[in-house]
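Chain residues, written in single-letter form:
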Amino acid sequence: LTKGLIKEKLSDLENRFCSFMMEHFACWKQWAEQSGRLLEGKDVPEDEVPEPFRFEYRMTKVVLEMDAAGAWDWNNPKLRKVFEEAAGNPLYRLMAETITESAIRLCAAAGVKTLLEVGAGKGHLTGVMAGKLAGKCDSIQLIVTDTNPAILQNIDAIKSRHAGLNLVTEQWDINQAPSQA
C-alpha cells in the first residue's frame, strides 16, 4: 500500500467524515467553554450543553467522578452505561462505518485475508463489520477477541444474523501472549 493508493481508496470516506464533523460539531466553541468549566469543578447543566456534545458531557462527568475517587474502573456502572449509549451516537456510528469500510477496501487492495478485532466489548463495531462483510467479502476472515467470555455469546447473536460470515471468536487478554490454537 502506498500513500497515494490509500488516498485514492479512502478519499470519499474522508470527505464524508470531514463534512459530518464540520456540520455536527459546528457549535464546538460552546462545548469547549463548558467542558473547561467542568474541568474547573464548576456545574454545567446538561440541558445547556449542545445536543451533539451531550455524550461527551456524560462521559466527562463519569471520568471526572472516577478521577476524584482516585481509581479507574472499567466495570463502573455509570461508565458502562455511557459506553452503551455510545453505540447509538451518530459520531460512533459514522466512525464504525468508516473504520469498517476503510479496512475492507484496504484489505482488498493489499490482498489481506484476515481482520483482527482486539477488545470487541459488546460487539457493536463487530456487528457493523459483520453487516459490511457478509455476502460481499467472503474471502476475509474476521477474528474477534476480548478478555470477557461474554464476547462469545454476543458474537453468536451476530453470526446468526449473518449466515456464511467467516468469523472466529477467541477469548484473549492482550496483556498475555495469544494462544497457539
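One can find the structure itself at the top, above this paragraph.
Rules of the game
- Note that residues are indexed from 1 along each chain, following the sequence as it is written.
- The model is predicted, so local features are restricted to residues of pLDDT at least 70 and side-chain atom pairs to those at 80 or more, both for listing and for counting; the totals for chains, interfaces and linings are taken over all residues.
- With hydrogens and water excluded, all non-hydrogen atoms of the structure serve as input to the side-chain values.
- Segments assigned H or I by DSSP are reported as helices when at least four residues long, segments assigned E as strands when at least two residues long, and all are numbered from the N terminus.
- The rule is simple: take the accessible area with a 1.4 Å probe, protein chains only, and divide by the maximum for that residue type; under 20% is buried, over 50% is exposed, in between is partly exposed.
- The contact criterion used throughout is that any non-hydrogen atoms of two residues lie within 4.5 Å.
- Surface accessibility follows the Shrake-Rupley procedure with a 1.4 Å probe radius. Residue values consider only the protein chains on display as shielding.
- When charges are counted, neither His nor the chain ends are considered; positive counts come from Lys and Arg and negative counts from Asp and Glu.
- Taken as the charge location is NZ of Lys, CZ of Arg, CG of Asp or CD of Glu.
- By salt bridge we mean one thing: a side-chain nitrogen of Lys or Arg within 4 Å of a carboxyl oxygen of Asp or Glu.
- The rule for pairing is simple: two strands pair if DSSP sees at least two bridges between them.
- Every crossover in which the path from the first strand over the helix to the second runs clockwise, viewed with the strands pointing away from the viewer, is termed right-handed.
- We call Phe, Tyr and Trp rings a pair once their centres come within 6.5 Å, taking the six-membered ring for Trp, and we label the pair stacked below 30 degrees between planes, edge-to-face above 60, and tilted otherwise.

Let's talk about the overall build of the chain
Alright, step 1. For the chain, the count of helices and strands is 7 helices and 3 strands.
Alright, step 2. For the chain, the spread of C-alpha atoms along the three principal axes comes to 55 × 40 × 30 Å.
Alright, step 3. Among the 181 residues that make up the chain, the fraction classed as buried is 31%.
Alright, step 4. Put simply, 66% of the contacts in the chain that link residues at least 6 apart link residues at least 24 apart.
Alright, step 5. Counting only carbon and sulfur atoms, one obtains 56% of the accessible surface of the chain, whose full area is about 11000 Å².
Alright, step 6. Charged side chains of the chain number 21 positive and 25 negative; the gap between the two group centres comes to 4 Å.

A word on the pattern of salt bridges
Alright, step 1. The full count for this structure, using the stated rule, is 10 salt bridges.
Alright, step 2. Here E46 and R58 are joined by a salt bridge, their closest N and O atoms 2.0 Å apart. With E46 in the loop between helix 2 (28-39) and helix 3 (54-69) and R58 in helix 3, this pair connects stretches of sequence that are 12 residues apart.
Alright, step 3. Judged by relative accessible area, R58 falls into the partly exposed class, the value being 26%.
Alright, step 4. K132 serves as the salt-bridge partner of E101, at 3.9 Å between the closest nitrogen and oxygen. With E101 in helix 5 (residues 90-110) and K132 in helix 6 (residues 124-133), this pair connects stretches of sequence that are 31 residues apart.

Here's the deal with the pairing of strand 3 (residues 167-171)
Alright, step 1. Pairing geometry for strand 2 (residues 141-146) and strand 3, over 5 bridges, is parallel. Pairing of V144 across the sheet is with T169, part of strand 3.
Alright, step 2. The β-α-β motif built from strand 2, the intervening helix 7 (residues 150-161) and the parallel element strand 3 has right-handed crossover chirality.

Some remarks on the packing of aromatic side chains
Alright, step 1. One pass over the full model with this rule turns up 3 aromatic pairs.
Alright, step 2. A ring pair is formed by F25 and F53, whose centres lie 4.9 Å apart and whose planes are at 45°; its orientation type is tilted. Of this pair, F25 sits in the loop between helix 1 (3-24) and helix 2 while F53 sits in the loop between helix 2 and helix 3, and the two are 28 residues apart along the sequence.
Alright, step 3. According to the relative accessible area criterion, F25 is buried, its value standing at 10%.
Alright, step 4. Taken together, the ring pairs in this structure connect F20, F25, W31 and F53 into an aromatic cluster.

Regarding the environment of V118
Alright, step 1. Mapped onto the secondary structure, V118 falls in strand 1 (residues 114-118).
Alright, step 2. A relative accessible area of 40% places V118 in the partly exposed class.
Alright, step 3. Sequence separation between V118 and D173 is 55 residues, and the spatial gap between their C-alpha atoms is 9.0 Å.
Alright, step 4. The contacts of V118, once residues within four sequence positions are left out, are T145, W172 and I174.

Nothing here speaks to function; it is all geometry.
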